[in-house]
Amino acid sequence: MTMTITEAQAFCTNLTKNSGSNFYYSFLFLPKSRREAMYTVYAFCKAADSAVDEPPPDSNPTEELTRWRAELDAVYGGTPTWPIMISLAHHAKQLSIPKAYFEELIKGVEMDLTTQRYRTFDELSVYCYRVASIVGLICLHVFGPTSPHAQDYAVDLGMAFQLTNILRDLGTDAEQGRIYLPLEDLAQFGCTEADLLQRKGSPQLKELVHFEASRARRFYARAQAALESLPARDRRALTVAEIMRAVYSRILKRIERPDHQTFGPRARLSTSHRLGVAAGIWLRSRFS
């Protein structure tokens, strides 16, 4: 029996709440209808990614993504049957989210099936855009800014988030045989693929990590500059994105610490720290 929209929304909400994602705490500061839209968008992104990175037993990830594309077609032109997609159909229609954005995201997660190395940063940028910047563009439809420059903010912030994630997941990615850092950068700092795959720390690797962290910082700075160019109404509309930026910037700072273990525990903030950061950003946006 097909779920109702209310039941499908409850499914997406529970999936997001149980994910432990940094993003969840920022969603709490949205009005209910927009918060539910973000829960659904997050559920879609998480489930599509898991179809490749954590496929069900005996499943074929390529076939799974084919089914996701069929369900996406149903979202925009038919009757979706999966809980996430039933909820997504409701929000995509209400918020006028282009289908092409979700198609691009699926292309991004699909790259993990065929690409385990990136020769240059330009090549990596395509991946980062598809799996992260495109999510930012989707979020603009939820948050509601109207200035075209908000798209620059979303794209740059998505790049910064994905580069931060790559740096804090070097170890887990290596366990899967994946290296996202551009090979040209490894060569520049005297690191080899074997160093990363064998999770061997070294001064050269530390220098490489700081180089990539500086690149991420430049994207955070570009997002900040784009934000400052927006009218006050649009800046307030992006408060939730700014909460995410504050959390991820702090995670990047931890990665940049001299005592950070590249292949140690994943850099993260405690729940209380995340909530404190979120509350501070929200209060500043309300009273500035």
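As shown above, the structure is provided for reference.
Residues numbered from 1 in each chain as written. Predicted model: local features only at pLDDT ≥ 70, side-chain atom pairs only at ≥ 80, totals over all residues. Heavy atoms only, no water.

A. Representation of the overall build of the chain within the structure. Across its full length, the chain carries 15 helices and 0 strands. In terms of overall size, the chain behaves like a compact globule, its C-alpha atoms giving a radius of gyration of 19 Å where 288 residues would be expected to give roughly 19 Å. Relative to its full complement of 288 residues, the chain shows a buried share of 51%. Sequence-distant contacts, at least 24 apart, represent 71% of the contacts inside the chain between residues at least 6 apart. Accessible surface for the chain amounts to roughly 13,400 Å². Of this, 53% is attributable to carbon and sulfur atoms. (Helix = DSSP H or I, 4+ residues; strand = E, 2+ residues; numbered from the N terminus. Rg over C-alpha atoms; globule rule 2.2 N^0.38 Å. Buried < 20%, exposed > 50% of the residue type's maximum accessible area, 1.4 Å probe, protein only. Contact = heavy atoms within 4.5 Å. Areas by Shrake-Rupley, 256 points an atom, 1.4 Å probe, with all protein chains shown as cover.)

B. Just the pattern of salt bridges, in detail. If you walk through the whole model with that rule in mind, you get 19 salt bridges. Its salt-bridge partner being glutamate 103, residue lysine 99 comes within 3.8 Å of it at the nearest N-O pair. Here lysine 99 and its partner glutamate 103 are both found in helix H6 (residues 99–114), 4 residues apart, which amounts to about one turn of the helix. We classify glutamate 103 as partly exposed; its relative accessible area is 34%. A salt bridge links aspartate 156 to arginine 222, with the nearest nitrogen and oxygen atoms 3.2 Å apart. Of this pair, aspartate 156 sits in helix H8 (residues 150–168) while arginine 222 sits in helix H12 (residues 203–228), and the two are 66 residues apart along the sequence. (Salt bridge = Lys/Arg side-chain N within 4 Å of Asp/Glu carboxyl O.)

C. Examining unusual backbone geometry more closely. Even without being glycine, aspartate 58 reaches a positive phi, approximately 65°. When you line up the elements, aspartate 58 lands in the loop between helix H3 (32–53) and helix H4 (61–77). Taking relative accessible area as the criterion, aspartate 58 reaches 85% and is therefore assigned exposed. Positive phi, close to 55°, is recorded for arginine 199, a residue that is not glycine. Along the chain, arginine 199 turns up in the loop between helix H11 (193–197) and H12.

D. Structural view of the packing of aromatic side chains. Counted by the stated rule, this structure contains 13 aromatic pairs. Consider the rings of phenylalanine 44 and tryptophan 68, whose centres lie 5.6 Å apart with planes at 85°: the pair is edge-to-face. With phenylalanine 44 in helix H3 and tryptophan 68 in helix H4, the pair connects residues that are 24 residues apart, well separated along the chain. Summarising the burial analysis for this pair, phenylalanine 44 and tryptophan 68 share the class buried. A ring pair is formed by phenylalanine 121 and phenylalanine 219, whose centres lie 6.2 Å apart and whose planes are at 40°; its orientation type is tilted. Placement of the pair is phenylalanine 121 in helix H7 (residues 121–143) and phenylalanine 219 in helix H12, with a sequence separation of 98 residues. Exposure remark for phenylalanine 219: the relative accessible area of 10% places this residue in the buried category. Joined through ring pairs, the aromatic side chains of Phe44, Trp68, Trp82 and Phe102 make up one cluster. (Phe/Tyr/Trp six-rings, centres within 6.5 Å; stacked < 30°, edge-to-face > 60°.)

E. Structural view of helix H15 (residues 271–287). Its 17 residues give H15 an end-to-end C-alpha distance of 24 Å, which sits within 8% of 24 Å, the value for a rise of 1.5 Å per residue. Residues of H15 that are buried: Arg274, Val277, Ala278, Ile281 and Ser285. Down the axis of H15, the buried side of the element spans an arc of 95°, and every buried residue falls inside it. In H15, the exposed positions angled more than 90 degrees off the buried face are occupied by Ser272 and Phe287. Check the buried side of H15 and you find it contacts helix H2 (22–27), helix H13 (232–237) and helix H14 (239–256). (Expected span 1.5 Å × (residues − 1). Arc of directions from axis to C-beta.)

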